[in-house]
Amino acid sequence: KKRPVLILAKGIEHFSFASAALALGLGSEGILWADTNPDFTTNIDSIKEVIESCPSDAEPIMAVCVAGNCRTTSIDDIVQMRRICDNNNIWLHVDACHGGSLLFSSNHSIRLHGIETADSLSIDPHKGLFVTYPSSYVIFRNPAHLASLCRYPEKTTDAACMDLGLITPFFGSRGFQSLKLWLLIKHLGLEGLGQAIDSRQILCHRWAVVLEETRLFAFFNDNDFYRIAFVFCPEPVRELISELLKDEENTNRFRDMICRYTAEFCNELYRSGRVVFDLFTLQDIKNRIGLGSGGSYTVMAIAIGHPFIGEIIEGEITRNILDVGLNLKERMLKEAKEKVFPFQQESSSLKFGGPAGW
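Residues numbered from 1 in each chain as written. Predicted model: local features only at pLDDT ≥ 70, side-chain atom pairs only at ≥ 80, totals over all residues. Heavy atoms only, no water.

Chemist: Please give an account of the overall build of the protein that cites residues and values.
Modeler: Scanning the protein from N- to C-terminus turns up ten helices and ten strands. Residues classed as buried in the protein amount to 45% of the 358 residues present. Within the protein, counting contacts between residues at least 6 apart in sequence, those at least 24 apart form 65% of the total. For the protein, the accessible surface area stands at approximately 19,300 Å², while carbon and sulfur atoms represent 54% of it. (Helix = DSSP H or I, 4+ residues; strand = E, 2+ residues; numbered from the N terminus. Buried < 20%, exposed > 50% of the residue type's maximum accessible area, 1.4 Å probe, protein only. Contact = heavy atoms within 4.5 Å. Areas by Shrake-Rupley, 256 points an atom, 1.4 Å probe, with all protein chains shown as cover.)

Chemist: Residue-level account of a negative patch on the surface, with values.
Modeler: Together, Asp35, Asp45, Glu49 and Glu52 make up a negatively charged patch on the protein surface. Looking at where Asp35 falls in the secondary structure, it is placed in the loop between strand S2 (31–34) and helix H2 (44–52). (Patch = residues over 30% accessible without salt bridge, like charges linked within 9 Å, V, L, I, M, F, W, Y side chains within 5 Å. Salt bridge = Lys/Arg side-chain N within 4 Å of Asp/Glu carboxyl O. Lys, Arg positive; Asp, Glu negative; His and termini not counted. Charge placed at Lys NZ, Arg CZ, Asp CG, Glu CD.)

Chemist: Can you explain the nonpolar core? Please cite residues and give values.
Modeler: In this structure, Val94, Phe217, Phe265 and Phe277 are the most contacted members of the largest nonpolar core, which totals 93 residues. Other than its neighbours up to four places away in sequence, Val94 contacts Cys65, Ala67, Ile78, Ile115, Ala118, Ser120, Leu121 and Ser122. (Core = buried A, V, L, I, M, F, W, Y, C linked by side-chain atoms within 4.5 Å.)

Chemist: So, the sheet that holds strand S3 (residues 58–66): which residues are in play, and what are the values?
Modeler: The mixed open sheet is built from six strands, whose spatial order is S2-S1-S3-S4-S5-S6. Either end of the sheet is taken by a strand with one partner, and the two such strands are S2 and strand S6 (137–140). Within the sheet, the average angular offset between the axes of one strand and its neighbour, ignoring direction, is 25°. Strand direction decides the pairing type here: strand S4 (residues 91–95) and strand S5 (residues 120–123), joined by three bridges, are parallel. For Asp95, the partnering residue across the bridge sits in S5 and is Ser122. Against the sheet, H2 touches strand S1 (3–9) and S2, its axis set at about 145° to S2. (Pairing = 2+ DSSP bridges. Axes fitted to C-alpha atoms, helices over the stretch in contact; angles between N-to-C directions.)

Chemist: Could you give me a rundown of the pairing of strand S8 (residues 227–232), with the residues and numbers involved?
Modeler: The element S8 is extensively covered by neighbouring structure, given that six of its six residues are classed as buried. Residues Arg227, Ala229 and Val231 line one face of S8 and the alternating positions Ile228, Phe230 and Phe232 line the opposite face, and both faces are buried. Where strand S7 (residues 217–219) and S8 come together, three bridges link them in antiparallel fashion. If you follow Phe217 over to S8, its bridge partner there is Phe232.

Chemist: So what about the environment of Cys266? Which residues, and what values?
Modeler: Within the fold, Cys266 resides in helix H8 (residues 248–272). For Cys266, a relative accessible area of 3% corresponds to the buried category. In this structure Cys266 touches Phe277, Asp278, Leu279 and Met300, once residues within four positions along its chain are discounted.

Chemist: Would you mind going over unusual backbone geometry in detail, with residue names and values included?
Modeler: Note that the residue after Tyr133, namely Pro134, is joined by a cis bond; omega there is -5°. Of note, Pro134 is situated in the loop between helix H4 (125–128) and S6. In this model, Phe40 sits at a positive phi of 65°, which is unusual for a non-glycine residue. Position of Phe40 among the secondary structure elements: in the loop between S2 and H2. One non-glycine residue, Thr73, lies in positive phi territory at about 55°. Following the sequence through the fold, Thr73 ends up in the loop between S3 and helix H3 (78–88). Judged by relative accessible area, which is 0%, Thr73 ranks as buried.

Following this line, the structure appears as structure tokens:
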């Protein structure tokens, strides 16, 4: 009998999948890791290779397609993933906890083409649909597949059954968490909800330009959805990096410096109570910093949660970012110069004079 394994792309997976593998008794060996593309999407060719080279004692039972990962909200090719799963008799789960919100937009739902073919999908309205935590769903294309997980299997296909305690796996009776999403839809309507998502997309593109024009940051991904990951690395510092000899020790020092200043910038904004960026770790897969693609960085991310921000508030946010950023820029540039030109810095600080100091 072969052991079941899951297939995930490394670096863009949500931590919950690894936790689920442990909770189900599959262990850390119950996950086969595929490669990630430079745009932070699942590498389709790598998925095929992982399946073909699967250990003889293992059998892939599910592949996870990421429709809006939690770091850059990049969206996988769902159609290609469906084709691979069909060819290998594997369950396709689409993690649309972020990207699922696009389903409500007539302008952007095409980005999720093929999602209707998933065997199951997850969507979190508290991430992308403007409701408070918690609001999370898992949806099955064939409800009968829930039967083995429920106390009353026959209720899973009974459309008249409204008792969540009978048909919801693992939980039993619980609060009506769906009420807030229902109220939002009733208030805005499906068309209004789609317009809010479209407005958020426009706002996200505008803020990507605002951040880029400060010349204080280096970006790890293009503005694709509503999440952009970046580090604090002003343009003059990046120019010094291009002059840096590709010495591993110097490279590591520069990477550590970028991580330190990114964390300091993010924390200072947070303490001000005006601007909050996420702070997490991400690999520079496309080598946009110039220090190699193998290193991981402490990065920030902007995630536009509100679809409507007025010009006055936007101006205040911009000023706050510049106030903190320009102050750190001078300190970072000075430290960077000392790392690249240590002898020049030392000699320039020497003073010559006579006994009286003249």
